[in-house]
Amino acid sequence: MKLWYNCHAATMAGGAYSIVENAALLVDGERLHWVGPLAELPSTPISERHDLAGAWVTPGLIDCHTHLVFGGDRSGEFEQRLQGVSYAQIAAAGGGIASSVRATRAASEAELLESALRRARPLLAEGVTVLEVKSGYGLDLASERKMLRVARRLGEVLPVTVRTTCLAAHALPPEFAGRPDDYIAAICEDWLPQLATEGLVDAVDAFCEHLAFSPAQVERIFQAATRLGLPVKLHAEQLSVQHGAALAARYGALSADHLEYLVEEDVEAMAEAGTVAVLLPGAFLTLRETKLPPVASLRARGVPIALATDANPGTSPVLSLRLMLNLGCTLFGLTPQEALAGATLHAARALGLADHYGSLEAGKYADFVAWDINRPAELAYWLGGQLHTRIFRHGKELAHV
Ligand code: DI6
Ligand code: FE
C-alpha cells in the first residue's frame, strides 16, 4: 500500500462536490484503497510514503466531449468570421465541416495520429486523465474507421483513458446529397454493426439540428445503437429547439450536449432519465451565441452538469479543459465547485465510467492531480497558464506528457 499525505482533497465523494482537509490517500496498485482525514488513517502496512507539501488533490480531469481527431486547418475560417462572414455562409461555400471531411479523408492514419497527439498533449499536461474522442469527419465507412482507430491509438500512445464515440451522423456527406434517409440506413444497417464488431465504438452520437439530422433520423440511429447494446448521447438543442434532449432521455442517453435551446419540459425528461447535461462554453464563445443554457432549471431539477472542451476545428478550437471551468462560471453562471464536479464526477458519468473514475473513492482508479493552489476555486479562477501540478494515473506519477 502506498500513502500520499500532507494534502487537502476535493474528493467528489458521495456523488457531489465535497472536500477533506488534512487528507491522505492510500493506493493499492492502480486503485484507491482509502481516502479520508489523515487523523483517521487505517492501520495497514505501507510500502511508500509521499509528501504532497500541502497541495490540493482532485480527481484526474475528464474531457467528455471532443472531436480531437481531424485533418486540415480551418483557422482561415476564423479570420473570415472576424470579417463578418457567417458560419452558414462558409459552409454554403464548401467550407465548414465539409472542409474537415475532405482533409480527414485525404490524411493517413499516421498523419491524423500525429496532429491529434499535438492537440491531446496540452490537455493531458493540465491534468486530463480520461478523454472522449468522436468520429464524424470521415462520413464514409473507411474514414470513420480510420478516425476511430486513431482515437484508440491515442489511448495506447499517451497515458490517458480514451472512450470512442461514433458520430457518423454528424453531417450529410456529398455521396448522399439529397438522400439523408439512405445515409442513416447505411450507418444503421452497415457501418455501426461493423465498427462495433471491430471494437471501435464505446458510444453512439448524432447531431440533431435543422442543418444536420432530424429527431426521426436520430431515433433510427439510437435504435440501431440499442440493438448493438451501445449507449447513446446527442448533440442537442445547440442552435434551435428540436426536442433532441427529450429523445435522448427516452433512449436512456448517457448525455445530451450543448443545450443552449433546451426547454423546461425536456429538462424534466433528462432529470427522470438521469441523462447528464454536458455544457460546452467553448462553442458558445466561438459562435458568439447569446442564448444561455438553462442552468438554473438543470440545477433545480438535479440534472448532473458536466463541462467539456468540444475541441473541434470549426466551432470550438479549445485545448484547455481548465479554461472551460472558467467559462462555465463566467458565461454560464456555474459555481467553481459545480465546474470542478462537472469536469470530474459528472463527466465520468457522461461517459458511463462513474464506477471507475470521476471521484476520489475507494475502489476507483487512482487518477489524481495534486495542484499547488490555496483553494479549489483557483482552478476556475485563472484564465490560461499552467498551474504547477503533479499528475498521477492508475497509481503512478506521470513524468511528463
Ligand atoms: N456541433 C458543433 O458545434 C460542431 N459539430 C457539432 O455537432 C461543429 C463542427 C465543425 O464545424 O467542424
Ligand atoms: Fe461536438
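Refer to the structure presented above.
Residues numbered from 1 in each chain as written. Chains lettered and ligands numbered in written order. Predicted model: local features only at pLDDT ≥ 70, side-chain atom pairs only at ≥ 80, totals over all residues. Heavy atoms only, no water.

**Quick notes on the overall build of the chain**
Worth spelling out the cut-off: For the purposes of this entry, the term helix denotes a DSSP run of H or I that reaches at least four residues, the term strand denotes a run of E that reaches at least two, and both are numbered from the N terminus. The size measure is the radius of gyration over C-alpha atoms, and the globule rule it meets is 2.2 Å times the number of residues to the 0.38 power. Burial classes follow relative accessibility: with a 1.4 Å probe on protein chains only, a residue under 20% of its type's maximum area counts as buried, one over 50% as exposed, and anything between as partly exposed. Contact definition: two residues touch when any of their heavy atoms are within 4.5 Å.
Counting its regular elements, the chain contains 15 helices and 15 strands. For 401 residues, the compact-globule formula gives about 21 Å, and the C-alpha radius of gyration of the chain, at 21 Å, lands near that figure. With the C-alpha coordinates of the chain rotated into their principal frame, the extents come out at 70 × 45 × 45 Å. Relative to its full complement of 401 residues, the chain shows a buried share of 57%. The long-range fraction of contacts in the chain, counting pairs at least 24 apart against all pairs at least 6 apart in sequence, stands at 70%.

**Structural notes on the state of the cysteines**
Rules: Our working definition of a disulfide is a cysteine sulfur pair at a distance within 2.5 Å.
One pass over the structure, following the stated rule, counts zero disulfides. Cysteine cysteine 208 shares no disulfide, and the gap to the nearest cysteine sulfur, in cysteine 188, comes to 14 Å. Cysteine 64 provides the cysteine sulfur closest to cysteine 329, a residue in no disulfide bond, and the two sulfurs are 16 Å apart.

**Describing the pattern of salt bridges**
Cut-off, in case you're wondering: For this document, the term salt bridge refers to a Lys or Arg side-chain nitrogen within 4 Å of an Asp or Glu carboxyl oxygen.
Summed over the entire model, instances satisfying the criterion amount to 20 salt bridges. Between glutamate 361 and lysine 364 there is a salt bridge; the shortest N-O distance is 3.8 Å. Taken together, the shared-partner salt bridges in this structure form one network comprising Arg105, Asp140 and Glu175.

**Considering unusual backbone geometry**
One non-glycine residue, methionine 12, adopts positive backbone phi at about 65°. By the secondary structure assignment, methionine 12 is in the loop between strand 1 (2-10) and strand 2 (19-28). Even without being glycine, histidine 243 reaches a positive phi, approximately 60°. Locating histidine 243 in the fold gives a position in the loop between strand 9 (233-236) and helix 8 (244-250).

**Things to note about the side chain of glutamate 289**
Note the following rule: For this count, His and the chain ends are skipped, Lys and Arg are scored as positive, and Asp and Glu as negative. Side-chain atoms alone can form a polar contact between residues adjacent in sequence; in general such a contact is a pair of N or O atoms within 3.5 Å, and within protein one must be able to donate a hydrogen while the other accepts it.
For glutamate 289, the location among the structural elements is in the loop between helix 10 (281-286) and helix 11 (295-300). Of the side chains bearing the opposite charge, lysine 291 lies closest to the buried glutamate 289, which forms no salt bridge; the N-O distance is 7.7 Å. Polar side-chain contacts of glutamate 289 include one of 3.0 Å to the side chain of tyrosine 261.

**A word on the coordination of the iron ion (ligand 2)**
Each angle at a metal carrying four tetrahedral donors should ideally be 109.5 degrees, and each at a metal carrying six octahedral donors should ideally be 90 or 180 degrees. Going by this rule: Ligating atoms shown are N, O and S within 2.8 Å of the metal, or 3.2 Å for Na, K and Ca, and water is not included, meaning a site may look less than complete. For a four-donor site, all angles between 85 and 135 degrees give tetrahedral; for four or six donors, opposite pairs above 155 degrees with the remaining angles between 65 and 115 give square planar or octahedral; all remaining cases count as irregular.
Around the iron ion (ligand 2), the protein supplies His65 (NE2), His67 (NE2), His235 (NE2) and Asp310 (OD) as donor atoms, at distances of 2.1 to 2.3 Å. Taken together, the four donor atoms surrounding the iron ion (ligand 2) define angles of 81 to 166° at the centre, an arrangement classified as irregular. When the donors of the iron ion (ligand 2) are listed by position in the chain, the intervening gaps give H-x1-H-x167-H-x74-D. Taken as a pair, histidine 235 in strand 9 and aspartate 310 in the loop between strand 12 (305-307) and helix 12 (321-330) lie far apart in primary sequence, 75 residues in all.

**Points about the packing of aromatic side chains**
Worth spelling out the cut-off: What counts as a ring pair is set by centres within 6.5 Å for rings of Phe, Tyr and Trp (its six-membered ring), and what kind of pair is set by the plane angle: stacked under 30 degrees, edge-to-face over 60, tilted for all other angles. Geometrically, a charge over a ring is one whose NZ (Lys) or CZ (Arg) sits within 6 Å of the ring centre while staying within 35 degrees of the ring normal.
A complete count under the given rule lists eleven aromatic pairs for this structure. Taking the centre distance of 5.4 Å and the plane angle of 80° together, the rings of tyrosine 183 and tryptophan 191 count as edge-to-face. Across this residue pair, the class does not change: tyrosine 183 and tryptophan 191 are buried. Over the face of the ring belonging to tyrosine 365 we find arginine 31, whose NZ or CZ atom lies 3.8 Å from the ring centre. Above the ring of phenylalanine 70, the side-chain terminus of arginine 119 is found at 3.6 Å from the ring centroid.

**Notes on the environment of glycine 72**
Within the fold, glycine 72 resides in the loop between strand 5 (61-63) and helix 1 (75-82). Remark: the alpha-carbon pair of glycine 72 and leucine 112, spanning 40 residues in sequence, is separated by 9.4 Å.

**Things to note about the site of ligand 1**
Short version of the rule: Here a residue is considered near a molecule or strand provided that any single heavy atom belonging to it is located within 4 Å of it. Surface exposure here means Shrake-Rupley accessible area, sampled with a 1.4 Å probe, where a residue is shielded only by the protein chains that are shown.
What surrounds ligand 1 is the set Arg74, Tyr87, Ile97, Tyr137, His170, Phe207, His235, Gln238, His258, Asn312, Gly314 and Thr315. The contact in question runs from an oxygen atom of ligand 1 to an N or O atom on the side chain of tyrosine 87, over 2.3 Å. Contacts to ligand 1 include glutamine 238, whose side-chain N or O atom sits 2.9 Å from a nitrogen atom. Look at ligand 1: alone it shows 320 Å² of surface, and the protein chains cover 98% of it.

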